[in-house]
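# Survey of secondary and tertiary structure
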Amino acid sequence: MTDAQDLRRRTAELLAAHPPATTDRLEFLRARFDAGLAWVHFPAGLGGLDAPRSLQAVVDAELAAAGAPDNDPGRIGIGLGMAAPTVLRFGTDEQKRRFLRPLWTGEEVWCQLFSEPGAGSDLAALATRAVRDDEGGWVVDGQKVWTSSAHLARWAILIARTDPDVPKHRGISYFICDMTDPGVEVRPLRQITGEAEFNEVFLTGVRIPDAHRLGAVGEGWKVAQTTLMNERVAIGGVRTPREGGMIGVAAADWRARPALRTHDLHQRLLKLWVDAEVARLTGERLRQQLSKGQPGPEGSGMKLAFARLAQEISGWEVEFLAEDGLTYDDWTMRRPDGVDFTGREAGYRYLRAKGNSIEGGTSEVLLNIVAERVLGLPPEPRTDKDVAWKDLPR
């Protein structure tokens, strides 16, 4: 059984063989993966050591103290938080060997082709079609929307309809799509911030080999549930120190500008600070539960809390800073690598946080999930449960 002492020894051996100061960054990351120190809870040979997930913090601390490079998790968050756990659970041995290493090192960026213009909250109503070709592969046609990092991605996790003659949840299959295929067109979607971190993606005659299918044909919704549950944990369960993240920025503003303080703003900040601390500790408990298996519906609650807090804290900050809170540095249209909630000004945080209650599952849908799957309340009436997708009104 791998323990903390063994991991410290392995980490020391990695640092001795590949000194961070003199080793190329990519070479170091590849060596770390091969040593099983990328994600220690993954299987041996796939970047891990079959160790408890909680011990990852031991490795990360040792490497940080040595000045070792990380894999820029903010840039490859979709691959790390969504694609990797799905490939690990449903992929073949060949798929795991092919995709996990370059995914973790950041050599290949991933995106998520799930939402569609007519299938956002009701994702299972998706209309993108995948049809068998004469060679046993698939030809995909359709449109996806709100796709983060599609302009940077090498690969995408994709769900498409393979059988329109059965109810919507049963006629979906799950694929790995090559974003360099000539049938893939990525168009930027400019947001309220002026930037375009999201995209819409058009798929026209995109050919996907059957070897790039995850799970059985028609069982894509089951596979997608693994992706979605991990997505919500990835968004809402990010590890932060006490008074870290957006509440830390707000508290720093409060301490730095005593002339702007009022009793009402103080009371609101105290409540937000307590709520943020409760969410942080709940996230720690959720991560401890993850060490015993796959994430469950509790991650939806964390994502709900994250969205609410981000919007309330950024709103408080704009109000506290008065006219300075309304400034925004640059409306230039650009396509960033990711989102920065703490390194930008208050105006950016206020605008960008508006999307938190939509992306990664709308708050309304997540409330239903918490009600039904966590609290055990009766589900909402469903009239389309046993109706073939082709017969649904659209």
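In this report, we go over the structure that sits alongside the text. (Residues numbered from 1 in each chain as written. Predicted model: local features only at pLDDT ≥ 70, side-chain atom pairs only at ≥ 80, totals over all residues. Heavy atoms only, no water.)

## Focus on a nonpolar patch on the surface
Taken together, Val-374, Leu-375 and Leu-377 make up a surface patch of nonpolar side chains, about 280 Å² in accessible area. Positionally, Leu-375 belongs in the segment after α11 (363-374). (Patch = residues over 30% accessible without salt bridge, like charges linked within 9 Å, V, L, I, M, F, W, Y side chains within 5 Å. Areas by Shrake-Rupley, 256 points an atom, 1.4 Å probe, with all protein chains shown as cover. Salt bridge = Lys/Arg side-chain N within 4 Å of Asp/Glu carboxyl O. Helix = DSSP H or I, 4+ residues; strand = E, 2+ residues; numbered from the N terminus.)

## Points about the packing of aromatic side chains
Tallying each qualifying case throughout the model produces 13 aromatic pairs. Here the aromatic rings of Phe-33 and Trp-39 are separated by 6.4 Å at their centres, their planes lie at 70 degrees, and the arrangement is edge-to-face. The class for Phe-33 is buried, based on a relative accessible area of 4%. Relative to Trp-110, the ring of Phe-99 lies with its centre 5.5 Å away and its plane at 80 degrees, an arrangement referred to as edge-to-face. Residue Phe-99 is found in helix α5 (residues 93-105), and its partner Trp-110 is found in strand β1 (residues 110-113); the two are separated by 11 residues along the sequence. Counting every residue linked through ring pairs, the aromatic cluster contains Phe-33, Trp-39, Phe-42 and Trp-104. Across from the ring centre of Trp-155, 4.2 Å away, lies the NZ or CZ of Arg-154, which sits over that ring. Against the face of Phe-202 rests Arg-187, its NZ or CZ located 4.1 Å from the ring centre. (Phe/Tyr/Trp six-rings, centres within 6.5 Å; stacked < 30°, edge-to-face > 60°. Buried < 20%, exposed > 50% of the residue type's maximum accessible area, 1.4 Å probe, protein only. Lys NZ or Arg CZ within 6 Å of the ring centre and 35° of its normal.)

## Side note on α5
Between its terminal C-alpha atoms α5 stretches 19 Å, which fits the 18 Å expected from 13 residues at 1.5 Å a residue. The sharpest bend along α5 measures roughly 30 degrees and falls at Phe-99, with the proline Pro-102 sitting one to four residues further on. When α5 is considered as a whole, its buried residues turn out to be Gln-95, Lys-96, Phe-99, Leu-100, Pro-102, Leu-103, Trp-104 and Thr-105. Tucked into the core, α5 has its buried residues touching α2 (25-34), α4 (77-90), β1, β4 (155-161), β5 (172-178) and β8 (213-214). (Expected span 1.5 Å × (residues − 1). Bend = angle between axes of the 7 residues up to and from the residue. Contact = heavy atoms within 4.5 Å.)

## Notes on the nonpolar core
Within the largest apolar cluster, 34 residues are counted, with the highest numbers of intra-cluster contacts made by Trp-39, Leu-100, Trp-110, Phe-114, Ile-159 and Tyr-174. Looking at this core, the elements with two or more residues in it are α2, α4, α5, β4, β5 and α6 (220-236). A total of 6 residues in this core trace back to one element, the largest contributor, which is α4. If near-sequence neighbours (up to four positions away) are discounted, Trp-39 is found in contact with Phe-33, Leu-46, Gly-47, Gly-48, Gln-56, Leu-80, Ala-84, Leu-100, Leu-103 and Trp-104. Met-246, Ala-250, Trp-254 and Trp-316 belong to the second largest nonpolar core, which has 19 residues in total. (Core = buried A, V, L, I, M, F, W, Y, C linked by side-chain atoms within 4.5 Å.)

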